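# Chains, contacts and geometry: an overview
Residue-level listing of the chains:
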Amino acid sequence: MKNAIQNSRLLILTIILLICLSSFTPILSFSKPCIEEATDEISNVSNMNLIKNLNTDPSDEPGIPEEYWIPENRTYMSDKQINELLEKPKHSKNYELPSRVDHTYSKHMRPIFNQVGGSCGSASRICYMFAYEINAHRGVDGSFLEHRYPSHFTWLLTSQGSSKDQMAIFNGVPNAGMYGGDTFSEIYGGEEIYWPSIEEAPDYGWMTGYDQWYNAMNNRLEKTEYIKLNATENLELLKRWMYNHFDDTDFFEGGIAGNGVAMENGMQTVRIPLNEYEGGKKIVLNWGDQINHGATWSGYDDEVGYDFNEDGQITNDIDITDDGKVDMRDWERGALIFLNSWGILWENKGTVYVPYRLLAIGTGSERYPRPMDAELYHIRKNYAPNKALKIEMEYSKRSNLKLSIGISEDITSEIPEKELEAHHFIWAGNGEVPLLGKWADGKMHTEPMEFMFDLTDLQEEINTSKMLKYFFKVETRSGEGILKKLSLVNYANSENEEINYPTENIILESNNVYYFSFVVEPDPQSKIHTEGTLAWVRVNPSSTLLGSFTIENIGAAESLLNWEIAEYPNWGTWTFTPKTGQNLKPEDGTCTIEVEIIAPDDKNTDFSGKIKIINKNSKSDYATISVSLSTPKNKTEYQLPLFVRFLDNHPHLFPLLRQLLGPQ
């Protein structure tokens, strides 16, 4: 009887285990495209042998064994920038860094997931970084489909004239709901593609629909920036970004970053001893010899450590590299958190600790060494397009097509004075197939493609108070097509006026260049107006002060004011909430800007200056707010009654009562 019960229990457990394993099949799918041997979770040290081109975009984070190069458009922060950013918050109430910051499970982060195919570059930068940054700015939940951003919208264009960053800047990225999936699209396909080469993906699907492309236009990247992680100051700056975006109050949380890591041929992880902080978790012991994977830095922990030189202690002040000096390479305590796109079964449920020392040591082979760095994504805040093109067209051989947009202040000009290439459409698409390619339904879609281009960036440094000429440029090689419809949508007023191109169904022949243009009336001109002053007297050094002023659009009735605080005094530590704004209409009335300043620590000093607020639509239009602050001139002034000091620090309140009290 006892054996029968045990056998029954064993049978039940076996059935449950089989059900659980079958449910994990999608989670384990990364092993097929990304790794030849699964990580040995039983062994204390794991050796990871990864196949060629594990996951990097050759144009951004190359994973090519023969060579490695740094992209030309990579901009590193200078020492001057780093020092200025480190100096700025020194008197802030948020100056002290916590020992640990981890955004892995933040409300704004999408859940840990498995990338599809070799898409790690876009998985790390778009699915994690771009999504988190834009969600942290908007204060929304990253678990919702409408707050996730797909890898394949950018990744499928790899090595086809546009990088993921360029696409996120020019086109923006549609949310997962609009695209039909948060990695590949259930509509446009891509699940079966390991690498988007001409051989493997000659006919993958492209997204169509005005709503889809308009959604992308509103989710945009402004720029990327890099920090070399080869010095303690640079590491501190990254940690400050992670803590609070360099004290940027336009975000609900601090930031995350990205990098390329060498996981091929020799990467090892090791378990932290159980008696140590974070015991049992995995930490990287050393990298491999080839950078081949896109990583996300989701946080840091100053207390995580490992005894790398096996001397029985964990130190940051002993020369363990035997090079005659003590620097980051000798640190055994402190680590970044590497958030991976290989699902929750990888290492520490999807993450692993990367010691600070490995940042300074760098990655790559002896022949192709590379210092480690952090890429920052600066998203466009409160963004809305000013003007856009709506295009409906078809073309027989999409890889023989290049599209551009342009603008001219001379409305008689036949060609644009300023031109921008339309990323996603620069001789792209691999095979010579129709624009829409083959979708997830297995069919080649030959119907016209509907898409949009934002024209707003063309207007930078352009005076929109006069008539301007906008251009749509089509360049062809072999093939043929039809420009079925073309229009310009003007979002510069509340009516969203749509101007139709006078001709439809225009034949596009091979080996040609076409210009289509619109002459557009001047935008209704916004004008900025401010009210208020900021004056504080008898202020204790380093104290926190509050104030406010208002901004208003007093321009034309249909105008939209986009404003930004461009300058403010270099004394004290300033925080403005908000610091920028979009589409303020005259009928909206005033917008209140809350000001917080931490006073300088200088005693017996008078400070003065101005805050400059610019109209981003017309930079010659700006307003200023006068600012003054004085610290006590003698000890008796510290003893003023509390209520009188309150009046002095808030001169705009109770003016009659202040007059009665008279000068102090």
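Before reading on, note that the structure itself is shown above.
Residues numbered from 1 in each chain as written. Predicted model: local features only at pLDDT ≥ 70, side-chain atom pairs only at ≥ 80, totals over all residues. Heavy atoms only, no water.

Now for the overall build of the protein chain. The helix and strand inventory of the protein chain stands at 12 helices and 30 strands. Of all 664 residues assigned to the protein chain, the portion counted as buried reaches 53%. A separation of at least 24 residues holds for 75% of the contacts in the protein chain among residues at least 6 apart in sequence. Within the structure as shown, the protein chain displays about 29000 Å² of accessible surface, and the carbon and sulfur contribution to it stands at 51%. (Helix = DSSP H or I, 4+ residues; strand = E, 2+ residues; numbered from the N terminus. Buried < 20%, exposed > 50% of the residue type's maximum accessible area, 1.4 Å probe, protein only. Contact = heavy atoms within 4.5 Å. Areas by Shrake-Rupley, 256 points an atom, 1.4 Å probe, with all protein chains shown as cover.)

The next point concerns the sheet that holds strand S24 (residues 544–553). Pairing in this open sheet of 4 strands is antiparallel, and the strands run S22-S24-S28-S26 from one edge to the other. Because the sheet does not close on itself, it has two edges, and the strands there are strand S22 (528–531) and strand S26 (573–577). In this sheet, adjacent strand axes meet at a mean angle of 25° when their direction is disregarded. Pairing of S22 with S24 involves 4 bridges; the strand directions are antiparallel. Within S24, the residue paired with glutamate 531 across the bridge is threonine 550. (Pairing = 2+ DSSP bridges. Axes fitted to C-alpha atoms, helices over the stretch in contact; angles between N-to-C directions.)

Another point: the sheet that holds strand S17 (residues 468–476). Ordered in space as S15-S14-S17-S21, the 4 strands form an open sheet in which the pairing is antiparallel. Sheet topology places strand S15 (418–426) and strand S21 (512–520) at the edges, where each strand pairs with a single neighbour. Averaged over all adjacent pairs, the angle separating strand axes in this sheet is 20°, with direction ignored. One ladder, built from 8 bridges, connects strand S14 (residues 401–408) with S17; its direction is antiparallel. Note that in S17 the partner of isoleucine 405 across the bridge is phenylalanine 472.

For the rest of this paragraph, the subject is the pattern of salt bridges. Side chains that differ in sign of charge can pair as their charged atoms come close. Going through the model one piece at a time under the given rule, you end up with 24 salt bridges. A salt bridge links arginine 148 to aspartate 182, with the shortest nitrogen-to-oxygen separation between them at 2.8 Å. Pair noted here: arginine 148 is in the loop between helix H4 (120–138) and helix H5 (152–155) and aspartate 182 is in the loop between helix H7 (176–179) and helix H8 (210–217), with a separation of 34 residues, a long-range link. No difference in accessibility class separates arginine 148 from aspartate 182, as the two residues are buried. For the salt bridge of arginine 220 with aspartate 454, the shortest nitrogen-to-oxygen distance reads 2.5 Å. Of this pair, arginine 220 sits in the loop between H8 and strand S3 (221–228) while aspartate 454 sits in strand S16 (residues 449–454), and the two are 234 residues apart along the sequence. Beyond isolated ion pairs, a larger network of salt bridges with shared partners links Arg220, Arg380, Asp454 and Asp457. (Salt bridge = Lys/Arg side-chain N within 4 Å of Asp/Glu carboxyl O.)

Summed over the entire model, instances satisfying the criterion amount to 34 aromatic pairs. Taking the centre distance of 6.2 Å and the plane angle of 5° together, the rings of tyrosine 514 and phenylalanine 516 count as stacked. Each member of the pair, tyrosine 514 as well as phenylalanine 516, is classed as buried. Its end group placed over the ring of tyrosine 76, lysine 228 keeps NZ or CZ at 5.0 Å from the ring centre. (Phe/Tyr/Trp six-rings, centres within 6.5 Å; stacked < 30°, edge-to-face > 60°. Lys NZ or Arg CZ within 6 Å of the ring centre and 35° of its normal.)

The next subject is a negative patch on the surface. On the surface, Glu495, Glu497, Glu521, Glu558, Glu587 and Asp588 cluster together into a negatively charged patch. By secondary structure assignment, the location of glutamate 497 is in strand S19 (residues 497–500). (Patch = residues over 30% accessible without salt bridge, like charges linked within 9 Å, V, L, I, M, F, W, Y side chains within 5 Å. Lys, Arg positive; Asp, Glu negative; His and termini not counted. Charge placed at Lys NZ, Arg CZ, Asp CG, Glu CD.)

On to a nonpolar patch on the surface. Where nonpolar side chains cluster on the molecular surface, the patch consists of Ile411, Met467 and Val519 and spans about 200 Å² of accessible area. Note that methionine 467 resides in the loop between S16 and S17.

What follows concerns H4. Taking 1.5 Å of rise per residue, the 19 residues of H4 would be expected to cover 27 Å, and the 25 Å separating its terminal C-alpha atoms lies within 8% of that figure. Of all the bends in H4, the greatest, near 25°, is centred on methionine 129. Within H4, 18 of the 19 residues are buried, which leaves the element mostly enclosed by the surrounding structure. Downstream of H4 by a residue or two, glycine 139 has a phi angle that is positive, lying close to 75°. (Expected span 1.5 Å × (residues − 1). Bend = angle between axes of the 7 residues up to and from the residue.)

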